[in-house]
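Each chain, written out:
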Amino acid sequence: MPSSPRPPGRPRTGVTTEVFAATLCTVQELGYARATVERIAAKAGVAKTTVYRRWPSKGELIVDCLLDAFGPAPLKEGAGQAELLATTVRWIAAKISEPGVGDAFAGVFSDAVSDPALREVLAARLQEPYRLTLLSALDEPSQRVLFFIDVVVGTLLHRMGMTGEPMADADVDALVTMVLGYFAGQPIGSTPS
């Protein structure tokens, strides 16, 4: 049975703050594969048992760290669909470009491909809260919202994986234009007002 989704952007306290900061720093410095729980704990100045007590696996730690790093989706009340879509694409791109975040996201995503338990955690705890938020805000069928998430996150992580760098602003603008052309019915090349 999947874990129940947590609301995006849970508040951090004490050890959690230190562990999340150490996680992103360690992933940025050493890469996802070499950022072990032991190294993360050492960087945070805590025992690895302290980390394992809160997060039974590196994957679960990374998922909660990403949830914290992303926080709540910045959806402006009363905004039209095109503005909501554009804002969301730019927000995801900005978050993925933060130090350690894109590396951590790409790494846990890659691990989840061959780890069904981690895939379940990733879907339930990271994707599901944002899917529900976007479902409500965009007033679109669930499958279209999932496709939006797949297209945007997949494209941004692919760029990070292929180049080691986040997507350039001009390319993010092009991605927004493409997304709006499909999802908001905007003609390709136009921008939201």
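K.L.:
I keep staring at the nonpolar core and nothing clicks. Help me out?
P.N.:
Generally speaking, soluble globular proteins have nonpolar side chains that are buried together. Ranked by internal contacts, the top residues of the largest apolar core, which has 59 residues, are Leu66, Phe70 and Phe148. It is helix α5 (residues 81-96) that provides the largest number of residues to this core, a total of 9 residues. Beyond its immediate stretch of four places on either side in the chain, Leu66 contacts Val101, Ala104, Phe105, Val108 and Leu126.

K.L.:
Explain empty space enclosed by the protein here, please?
P.N.:
Rolled over the atoms, a probe sized like a water molecule indicates the empty space that remains. Applying the stated criterion across every chain yields a total of 1 cavity of 30 Å³ or more. The calculated volume of the largest cavity comes to roughly 40 Å³. As for the largest cavity, its lining consists of Gln81, Leu85, Leu138, Glu140, Arg144, Val145, Phe148 and Phe183. Those elements giving two or more residues to the lining of the largest cavity turn out to be α5 and α8 (142-163). In terms of residue count, α8 provides more of the lining of the largest cavity than any other element does, 3 residues in total.

K.L.:
Please explain the pattern of salt bridges as it appears in this structure.
P.N.:
Any two side chains of opposite charge can pair, given that their charged atoms come close. Applying the stated criterion across every chain, the model contains 10 salt bridges. Across the pair Lys43 and Glu29 runs a salt bridge whose closest N-O atoms are separated by 3.3 Å. Taken together, the residues Lys43 in helix α2 (residues 37-44) and Glu29 in helix α1 (residues 14-30) connect sequence positions 14 residues apart. As a salt-bridge pair, Lys48 and Glu38 come within 3.6 Å of each other at their nearest N and O atoms. One end of the pair, Lys48, is in helix α3 (residues 48-54); the other, Glu38, is in helix α2, with 10 residues separating them in the sequence. For Glu38, a relative accessible area of 38% gives the class partly exposed. Ionic contacts of the salt-bridge type, sharing partners, join the residues Glu60, Asp64 and Arg125 into one network.

Rules of the game
- Along each chain, residue indices are assigned from 1 in the same order as the chain's sequence is written.
- Local features are withheld for residues below a pLDDT of 70 in this predicted model, meaning they are given only at 70 or higher, and side-chain atom pairs are given and counted only at 80 or more; totals for whole chains, interfaces and linings count all residues.
- Computation of side-chain values covers all heavy atoms of the structure but excludes hydrogens and water.
- Remark: nonpolar core denotes a set of buried residues (Ala, Val, Leu, Ile, Met, Phe, Trp, Tyr, Cys) joined through side-chain atoms within 4.5 Å.
- Only protein chains enter the area calculation, which uses a 1.4 Å probe; residues under 20% of their type maximum are buried, those over 50% are exposed, and those in between are partly exposed.
- In this text, helices come from DSSP runs of H or I with a minimum length of four residues, and strands from runs of E with a minimum of two, each type numbered from the N-terminal end.
- Pairs of residues are marked as contacts when any of their non-hydrogen atoms sit within 4.5 Å.
- Put plainly, a pocket is an open set of points on a 1 Å grid over the protein atoms alone with protein on both sides within 12 Å along at least five of seven lines, a cavity is a set where a 1.4 Å probe fits but cannot get out, and a lining residue has an atom within 4 Å of a point.
- Grid points are joined across faces, edges and corners, and a volume is the space filled by probe spheres set on the points.
- Any Lys or Arg side-chain nitrogen located within 4 Å of an Asp or Glu carboxyl oxygen qualifies as a salt bridge.

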